[in-house]
Every structure is written in structure tokens, then in C-alpha cells.
Amino acid sequence: MQLTTHLQDGVDIITVDATRIDAAVAIQFKDRMREVLGTDKPRYVLDLHQVEFIDSSGLGAIVAGMKLLPKGGKLELAGLRPAVDKVFRMTRMDSIFAIHPSVEAAASI
Amino acid sequence: MQAERLDDGAFLISCRMDSTPDDVQTTLLDINDLLQGEEIAPPPDCTWELVVAEVLNNIVEHAYQDRAGGDILLKLRFGHDRLTVEFTDFGLPMPSGAPPTGAPANLDVPVEDLPEGGFGWFLIRSLTENLNYCHDGRRNLLTLAIPISPRTPL
């Protein structure tokens, strides 16, 4: 489970370089998020365009990632594939996370 | 892992895995590989893998209490309009003798209190039909069906 970070138009982007966020990698994902999230930045965009599959453990790990941010900090999502988008919609987690069609769209806001 | 094509066109996969998240992941990847190129493979937007993953994760976490060394048997029958799945394990029975009702999580809470789990049975129940569970004193047997929308002809 590899996360890479870069700045795009002044926005911090975290890209998940993996095709799955599932129970087998959920703890790793949380650990990596802890490493890449600073405590002073108010907004991050998690780029999920490579992720083809997520289960409820993966969903929980992304929620846990958001909780690592300081109060008022935002973790937004971009590039959700249909199977991933469906999990967020079904669990109504799409009401908690701002979801952007792509990193470009997220960075232009 | 064994795969067999039946006379009626259904595709049958049976396998055994160890009670670890890694083995669950490997099994799901192997099943996806087997389905590659099969005419009966569900369309990409089908949620079969999510349902099967959630049930298997629950077996690892609850029936086997996150301990490796437990056997999980999985049988999948991919038919034209439905996938039927049978899960067998030899771990602890469901606490109330039945699978959880799977109520949706309450999200109307401050961020720090948002749930990080408890979505599994909600997803399973939302996406399946004919869910049956029994414990026969030795093993848990769970069966369910997942409707598959027919593939649009090319």
C-alpha cells in the first residue's frame, strides 16, 4: 500500500497507488495516512482513481484518515470508480466527504 | 480452487481459504482471474465481490476472532441472472443465532464520532436476496443470492 503526495494548483493531493483498499490493507492504509497528513494543512484531496475495489474496512480506514486531521480540516475525494462510488453512496458517506470527479476538478476549487 | 462449467451454462467455483484478511484478498483476486474471459462473468458494476468480501471479513473477524488457522469454504455459482454463494466455517456461531439486521450507520454525529465500521451487514443485506444462516453444532453455513443484471449484448 503506497501513498504518494504532490501539490496541484496549491492543493495537497494524496494518490493511492493501489487497486484495492480492503481488510488486508486497511491498517497499512491508516498508517500511511498518518505519515503523509500534516497537522497544519486544512485541506487534502485523496485521489482514488486507481482503486477498483473497496470494502467496508477500506471505507472505515478512509473515515479514520479524516479524523487524523485537525478540527475543521477537510479530506476530500476524487476520481472514484463506479464500484468505489457505489460503496460511498450506499453507506451515505457521500454526504460526509466532498467528492470530485477528478483531481483536476478538485484542485480548481 | 476448482472451477467447473455446468451444462446449463452456470460457472461453479469452489475453494478453501485460511481465516486471514490476506487469504481472503488472494481468494477474491484468484476468483476474478478465473472469471476473466468467461461469458458468465458478472458485469463490472456488479457488487458480488463486495458482498463476498464482507461476509468473508466477518467470518475472519467474528467467527474466528481474527485468528489464523481456521478453514473457510466458499462455493459460488454464477448463473445467468444470479450468483448464489455458500459460505462454510467452523468458528463461533453468530451471537444471536442469526445474522445482524444491518441497520444503516448513524452519520448525524460530529466527525470524531463517525463510525469506522459496522457497514458490512448493511451492505450485505442491501445487495442480497434469500439470506439463510444455520449453525449445526459444528459449523456455520450461510447462503445468499446476488441478482445479476444481464449483460447488454454487444
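Residues numbered from 1 in each chain as written. Chains lettered and ligands numbered in written order. Predicted model: local features only at pLDDT ≥ 70, side-chain atom pairs only at ≥ 80, totals over all residues. Heavy atoms only, no water.

- For chain B, the name recorded in an unreviewed UniProt entry is Serine/threonine-protein kinase RsbW, with Antarctobacter heliothermus as its organism.

- As annotated in an unreviewed UniProt entry, chain A carries the name Anti-sigma factor antagonist and is attributed to Antarctobacter heliothermus.
- Here is the UniProt Sequence similarities (unreviewed entry) comment for chain A, exactly as written: "Belongs to the anti-sigma-factor antagonist family." (UniProt positions renumbered as here; feature names shortened; annotations may be inferred.)

**With respect to the interface of chain B and chain A**
Phase 1 of the analysis: Listed as interface residues are 26 residues of chain B and, on the opposing side, 26 residues of chain A.
Phase 2 of the analysis: Buried surface at the junction of chain B and chain A, summed over both partners, amounts to about 2,100 Å²; 66% is from carbon and sulfur atoms.
Phase 3 of the analysis: Of all residues in chain B, Leu107(B), Glu116(B) and Phe119(B) give up the largest surface area on contact with chain A, accounting jointly for 27% of the area buried on that side.
Phase 4 of the analysis: Of the charged contacts, one joins Arg20(A) and Glu49(B) as a salt bridge, the two residues approaching to 2.8 Å between their closest N and O atoms.
Phase 5 of the analysis: Applying the counting rule to chain B against chain A returns seven residue pairs in polar contact (both at pLDDT 80 or more).
Phase 6 of the analysis: Those elements that place two or more of their residues in the side of chain B that touches chain A are α1 (21-35), α2 (48-63) and α3 (120-127) of chain B.
Phase 7 of the analysis: It is α1(B) that contributes the most residues to the side of chain B that touches chain A, six residues altogether. (Contact = heavy atoms within 4.5 Å. Buried area = accessible area lost by both parts, 1.4 Å probe. Salt bridge = Lys/Arg side-chain N within 4 Å of Asp/Glu carboxyl O. Polar contact = N/O pair within 3.5 Å; in protein donor to acceptor, adjacent residues only side chain to side chain. Helix = DSSP H or I, 4+ residues; strand = E, 2+ residues; numbered from the N terminus.)

**Thoughts on the sheet that holds strand β6 (residues 74-78) of chain A**
All names here are of chain A.
Phase 1 of the analysis: On the basis of which strands lie adjacent, the open sheet formed by five strands has the order β1-β2-β4-β6-β7 and mixed pairing. At either end of the open sheet lies a strand with only one pairing partner, and these are β1 (3-8) and β7 (99-100).
Phase 2 of the analysis: Direction of pairing for strand β2 (residues 11-16) relative to strand β4 (residues 43-47): parallel, over a ladder of four bridges. Each residue of the ladder has a partner; that of Thr 15, found in β4, is Asp 47. (Pairing = 2+ DSSP bridges.)

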